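# Architecture at a glance
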Protein chains: 2
Amino acid sequence: MNKFLDLEKELEIVFKDKNLLFQSFCHRSYLNENPQFGLFHNERLEFLGDAVVELAVTEYLYKKYPKQVEGVLTSWRAALVNSKMLAQIAEELNFGEYILLSRGEKKDAQQKTKSYREIIANAFEAFIGALYLDRGYKTCQKFIEKYLIKELPHIIENKLFNDAKSRFQEISQEKRKVTPTYKILKEWGPDHNKYFISGVFIGEKIIAKGQGSSKQESEHEAAKTALKKLKWD
Amino acid sequence: MNKFLDLEKELEIVFKDKNLLFQSFCHRSYLNENPQFGLFHNERLEFLGDAVVELAVTEYLYKKYPKQVEGVLTSWRAALVNSKMLAQIAEELNFGEYILLSRGEKKDAQQKTKSYREIIANAFEAFIGALYLDRGYKTCQKFIEKYLIKELPHIIENKLFNDAKSRFQEISQEKRKVTPTYKILKEWGPDHNKYFISGVFIGEKIIAKGQGSSKQESEHEAAKTALKKLKWD
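Residues numbered from 1 in each chain as written. Chains lettered and ligands numbered in written order. Predicted model: local features only at pLDDT ≥ 70, side-chain atom pairs only at ≥ 80, totals over all residues. Heavy atoms only, no water.

### Some words on the side chain of His220 of chain A
Along the chain, the position of His220 of chain A falls in helix 12 (residues 215-229). Setting aside residues no more than four positions away along its own chain, His220 of chain A makes contact with Val69, Gly71, Val72, Asp163, Ala164 and Lys165 of chain A. (Helix = DSSP H or I, 4+ residues; strand = E, 2+ residues; numbered from the N terminus. Contact = heavy atoms within 4.5 Å.)

Below, the structure is given as structure tokens:
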């Protein structure tokens, strides 16, 4: 397990309990061939780490984007926290060098199969679970911001997320060959406390209305309702 | 907003920032009729609180049941964290008295419709979001243990969860009119480091095998594989 010292150096993190670190990299297949390992596999740590990643990303989005509506934040979070993205981050962190696998799974690893990508994404979550137990939430937050949330600007700029508005546009283009448009139908209230009703249209026809305390929120609500009305959700 | 003093007293929690508390009870419909309210609705707080509840329950299960496999803990968590259960807890906490709704939604509230149950479950999550921002994670943990996790013994005793073994049993009884059975096919290793292979059978026929470092884990894995093999998942 000496190689894990290199990982700690690379990540600038020292575990008090090294077993937690080792365990977080142990896939269930490894135990089968190495019953002397003496530690459990990483699935319980993954269960814990998954919830830590979720909260850290959620808290970041909540605080960093105080004006953004929940539906959009949810779609940004989904674009960050999914096994494809987590596998990519784990690869960047060189986790593949450390993962403990059976000989059979190692062959998959060389071919970077889907099953391998899932294993390495799960190891990322398990590592965060171990880090949470050993070093606490704040250390996890910093780690997750540095290595995962760094992808967010790219996601937002290139619209690599799937919120109600983009879903409605995509399906509308596919099924109706038309890009939907939005129009403010009503707005009222003083500047600091405005309220909006927007309509979403396909061609001349209004499909749904949405309300909200920003233009963006009202459009998002309209798209959500439109998806439901047309049974496209 | 004076009535919220009663809620703080009942819950023995005092918010530093009362606006967070008020906001967590504000449904989007209320703003529509009360534009002078001056606060946003509770959906962003719900987005945050949902992740806090998830972590608090996950951490509790992880620590309290060190021998339990991830698949079972996941099914226990799902039985605790869902809108039906959260609505029930919110009702017990009398949140219905405090929720800020439009006149239309209030009618629903009297009839305890599904939409109302969702509103009140969401308010529970939003309240936790507000509590997290105002009082931190530890306070949320205590609150969630006291009011939500208290349901866990009842769930476990009465098997009100839906893990792979119970799903396989249910579908097998429905489709094949037979209760599946489990058999240990192989076990090896010293007492402190045992390894098991179990088989799950419908009648005399073996459907799938599963491995694990406890009998229970190997059975759970066998059921998971069986669900996949028979395309019952």
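Read on for the rest.
### What to know about the relation of the copies chain A and chain B
Superposing chain A onto chain B takes a rotation of 180° combined with a translation of 0.0 Å along the rotation axis, leaving an RMSD of 0.0 Å. Within this description, the copies of the chain are treated as partners about a two-fold rotation axis. Most of the interface of chain A is mirrored in chain B: 100% of its interface residues are interface residues there too. (Least-squares fit on C-alpha atoms with pLDDT ≥ 70 in both.)

### Overview of the interface of chain A and chain B
The partner chain B presents 40 residues to the 40 residues of chain A that form the contact. Of all residues in chain A, the largest losses of buried area upon contact with chain B belong to Arg44, Phe47 and Tyr62 of chain A, amounting jointly to 24% of the total for that side. Between chain A and chain B we count 4 salt bridges in total. Notably, a salt bridge pairs Arg28 of chain B with Glu217 of chain A, separated by 2.9 Å at the nearest N-O pair. Taken together, chain A and chain B are joined by 18 residue pairs in polar contact (both at pLDDT 80 or more). Ranked by the residues each element gives to the side of chain A that touches chain B, the list is headed by helix 4 (residues 43-64) of chain A, at 14 residues. Here the residues of the side of chain A that touches chain B are counted per class, giving 19 nonpolar, 10 polar and 11 charged. (Buried area = accessible area lost by both parts, 1.4 Å probe. Salt bridge = Lys/Arg side-chain N within 4 Å of Asp/Glu carboxyl O. Polar contact = N/O pair within 3.5 Å; in protein donor to acceptor, adjacent residues only side chain to side chain. Nonpolar A, V, L, I, M, F, W, Y, C, P; charged D, E, K, R; others polar.)

### With respect to the packing of helix 4 of chain A against helix 4 (residues 43-64) of chain B
Contact geometry of helix 4 of chain A with helix 4 of chain B gives a least axis separation of 9 Å together with a crossing angle of 160°. Here helix 4 of chain B runs roughly antiparallel to helix 4 of chain A, going by the angle between their axes. By crossing handedness, the relation of helix 4 of chain A to helix 4 of chain B is classed as left-handed. Across from Arg44, Leu45, Phe47, Leu48, Ala51, Val52, Glu54, Leu55, Thr58, Glu59, Leu61 and Tyr62 of chain A in helix 4 of chain A, the residues of helix 4 of chain B making contact are Arg44, Leu45, Phe47, Leu48, Ala51, Val52, Glu54, Leu55, Thr58, Glu59, Leu61 and Tyr62 of chain B. Tallied by class, residues from the contact of helix 4 of chain A with helix 4 of chain B come to 16 nonpolar, 2 polar and 6 charged. (Axes fitted to C-alpha atoms, helices over the stretch in contact; angles between N-to-C directions. Parallel < 35°, antiparallel > 145°, perpendicular 65-115°, else oblique. Left-handed = near helix turned anticlockwise from the far one by under 90°.)

### Some details on the packing of aromatic side chains
For the structure on display, the rule yields 34 aromatic pairs over all chains. Measuring from ring centre to ring centre gives 6.3 Å for Phe124 of chain A and Phe143 of chain A, while their planes differ by 35°; the resulting arrangement is tilted. Placement of Phe124 of chain A in helix 8 (residues 114-135) and of Phe143 of chain A in helix 9 (residues 137-147) is noted, with a sequence separation of 19 residues between them. Across the pair, exposure class does not vary: Phe124 of chain A and Phe143 of chain A are buried alike. Here the aromatic rings of Phe4 of chain B and Tyr98 of chain B are separated by 5.6 Å at their centres, their planes lie at 40°, and the arrangement is tilted. With a gap of 94 residues between them, Phe4 of chain B in helix 1 (residues 3-11) and Tyr98 of chain B in the loop between helix 6 (83-92) and helix 7 (103-111) connect regions that are remote in the sequence. The pair Phe4 of chain B / Tyr98 of chain B is uniform in exposure class, with both members buried. One aromatic cluster in this structure is built from Phe4, Phe15, Phe22, Phe25, Phe95, Tyr98, Phe124, Phe127, Phe143 and Tyr147 of chain A. (Phe/Tyr/Trp six-rings, centres within 6.5 Å; stacked < 30°, edge-to-face > 60°. Buried < 20%, exposed > 50% of the residue type's maximum accessible area, 1.4 Å probe, protein only.)

### Quick notes on the sheet that holds strand 3 (residues 205-212) of chain B
All names here are of chain B. Strands sit in the order 1-2-3 across an open sheet of 3 strands; the sheet is antiparallel. Of all the strands in the sheet, the pair left with one neighbour each is strand 1 (181-188) and strand 3. Sheet twist, expressed as the mean angle between neighbouring strand axes with direction ignored, is 25°. Sheet analysis places strand 2 (residues 195-202) next to strand 3, joined by 7 bridges and oriented antiparallel. When the bridges of strand 3 are listed, Ile197 appears paired with Gln211. Strands strand 1, strand 2 and strand 3 of the sheet are contacted by helix 12 (residues 215-229), whose axis makes an angle of about 130° with strand 3. (Pairing = 2+ DSSP bridges.)

### Quick notes on the confidence of the model for chain A
For chain A, per-residue confidence averages 93 on the pLDDT scale, and residues scoring 70 or more make up 100% of the total. Interface predicted TM-score (ipTM) for the complex: 0.87; the corresponding pTM is 0.87. (pLDDT = per-residue confidence, 0-100.)

### Some details on the environment of Leu101 of chain A
All names here are of chain A. Considering the arrangement of structural elements, one finds Leu101 in the loop between helix 6 (83-92) and helix 7 (103-111). The sequence separation of Leu101 and Lys9 amounts to 92 residues, and the corresponding C-alpha distance is 22 Å. In this view, Leu101 contacts His27, Ser29, Tyr30, Lys106, Ala109, Tyr116 and Ile119; residues no more than four positions away in its chain are not counted.

### Regarding the pattern of salt bridges
Applying the stated rule across the entire model yields 30 salt bridges over all chains. The partner of Arg28 of chain A in a salt bridge is Glu221 of chain B, and the shortest N-O contact between them spans 2.8 Å. Taken as a pair, Arg28 of chain A in helix 3 (residues 28-33) and Glu221 of chain B in helix 12 lie in two separate chains rather than in one. Its salt-bridge partner being Glu43 of chain B, residue Arg28 of chain B comes within 2.8 Å of it at the nearest N-O pair. Taken together, the residues span a long stretch of sequence, with Arg28 of chain B in helix 3 (residues 28-33) and Glu43 of chain B in helix 4 at a distance of 15 residues.

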